[in-house]
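So the chains spell out like this:
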Amino acid sequence: MADQQHYSPGLEGVIAAQTRISFLDLQNEEIVVRGYNLLELIERARYVEVVGLLLDEQFPTPERCSELESQMVQAEVPELVYEILAKLPARMHAMDRLRTAVSALAAADPDANTADPDAERAKAPRLIGHIAQIVANLTRCAHGEKPRSFEPGRSFAENFLRTLVAREVTAAEVRAFEQSLIAYSEHELPNSTFAARVVASTLADAYGALTAAVASLKGPLHGGANEAVMEMLLEAQTADRLEELIRHKLARKERIMGFGHRVYMRRMDPRALLLKRTLQELVNARGSGTELVAMCQRGEDVMRTEKGLYPNLDYYAAPVYYLLGIPIELYTPIFFAARSAGLLAHIIEQHQDNRLYRPRVLYTGPRGLKV
């Protein structure tokens, strides 16, 4: 039986993987991704560059970026996947539909059942493109509309956003959206990444591991928080009413989504701080949305004063997506699409130096019972 002194609820503080991909350096307040500060990547890089960095373990050349972007944009989603999506009930949660679609992608891949790292790295850009196009068309498929493909000649981020919102988009909007994609791209070993690595450790293929990650991200304590944040902001409508709503929820001991983080604890998620700036820049470019900014700031102030809690990434990503005109049900699927690059990097790494995950338990049940 496992020794009680080694029991850590939720595996908090337990080192479960050795990785060269990313690390949350709390002492230096830095999110390290392949040696780079994620915040600098958000400010200065493009999403396709971060994809190359995650997959290739080095910052990509312009030629490699062009190759990756072409693979991601021109990846045609198999018709079978859209046929399956069209048959699913529209009332079904978007993440459930996405989970089904990711699993179905394997049907069109003749090498779907491989756990070979080189083969997975080769198909990764195509998979990232497939997932983004599926996410961008989830609502369209639910309403019986024809899905739209990405257009060559446009960047991956522009294609993704304009397909999501079904209109032409400005450079400022694309940049705000791209910054959110980079912010979500990789974050060490959260629940969904751990779920993917656990499944991959059985030598299951990338499709199985990614499907597990989708299931994990649906939960409101992980990916689903961004949708809950926006619903709360829309319910309140004004900064004063948001403060009232938060105080009412706190009095009833309800959890306020978008605040707190298992790792950051009593400090602000650095990605949230940067997305807060992105939100303000987007509002400045649009000339509207100042009330939304005021609401977010009021909520931040109340939670810091009353609970000593700070915003996480979801708190500021949600209003950015709202101002872009993205349907709320797609916020968490977008999180998964952005994170697919990091997830694939972890799946590849797990398969490169694999050991099956098999932890023990602290048994608290009865013993010695007789039949």
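So, here's what we can say about the structure. (Residues numbered from 1 in each chain as written. Predicted model: local features only at pLDDT ≥ 70, side-chain atom pairs only at ≥ 80, totals over all residues. Heavy atoms only, no water.)

1. With respect to unusual backbone geometry
In plain terms, the rule: Only DSSP runs of H or I with at least four residues qualify as helices, and only runs of E with at least two residues qualify as strands; both kinds are numbered from the N terminus onward. For every residue, the accessible area (1.4 Å probe, protein chains only) is compared with the maximum for its type, and the residue is labelled buried under 20%, exposed over 50%, or partly exposed between those bounds.
Although it is not a glycine, Leu11 sits at a positive phi angle of roughly 60 degrees. Its place among the elements puts Leu11 in the segment before β1 (22-25). By relative accessible area, which is 43% here, Leu11 ends up partly exposed.

2. Section: the side chain of Thr193
Summarising the element assignment, Thr193 is placed in helix α9 (residues 191-200). Judged by its relative accessible area of 0%, Thr193 is buried.

3. Description of the sheet that holds strand β2 (residues 30-33)
Two orientations exist for strands paired in a sheet by backbone hydrogen bonds: parallel and antiparallel. What counts is decided by this rule: Two strands qualify as a pair provided DSSP detects at least 2 bridges between them.
Spatially, 3 strands are ordered β1-β2-β3 in an open sheet, and the strand pairing comes out antiparallel. Only two strands of the sheet have a single partner each, and these edge strands are β1 and β3 (36-37). The sheet contact formed by β2 and β3 spans 2 bridges and is antiparallel. Within the sheet, the bridge partner assigned to Val33 lies in β3 and is Tyr36.

4. Comments concerning the packing of aromatic side chains
Going by this rule: Stacked, edge-to-face and tilted are the three classes for Phe, Tyr and Trp ring pairs, Trp counted by its six-membered ring, which pair at centre distances within 6.5 Å; planes under 30 degrees apart are stacked, over 60 edge-to-face, the rest tilted.
Within this structure, the stated rule accounts for 12 aromatic pairs. Their ring planes at 45 degrees and their centres at 5.6 Å tell us that Tyr36 and Phe59 sit as a pair that is tilted. Placement of Tyr36 in strand β3 and of Phe59 in the loop between α2 (47-56) and α3 (62-73) is noted, with a sequence separation of 23 residues between them. Assessed through its relative accessible area of 36%, Tyr36 is described here as partly exposed. Here the aromatic rings of Phe150 and Phe160 are separated by 6.4 Å at their centres, their planes lie at 45 degrees, and the arrangement is tilted. Of the two residues, Phe150 sits in the loop between α6 (117-142) and α7 (156-165) while Phe160 sits in helix α7, which places them 10 residues apart along the sequence. In this structure Phe150 comes out as buried when scored by relative accessible area, which is 4%. For Phe160, a relative accessible area of 0% puts it in the buried group.

5. Concerning the environment of Arg140
Heads up, the condition is: By definition, residues are in contact when any of their heavy atoms lie within 4.5 Å. Polar contact is defined as a pair of N or O atoms within 3.5 Å, subject to the rule that within protein one atom must be able to donate a hydrogen and the other to accept it, and that residues adjacent in sequence are counted only when both atoms are side-chain atoms.
Counting through the fold element by element, Arg140 comes out in helix α6. Separated by 189 residues in the primary sequence, Arg140 and Glu329 have C-alpha atoms spaced 12 Å apart. Ignoring any residue separated from it by four or fewer positions in sequence, one finds Arg140 in contact with Glu145, Lys146, Pro147, Arg148, Thr163 and Ala166. For Arg140, the side chain forms a polar contact with the main-chain oxygen of Ala136, separated by 3.4 Å.

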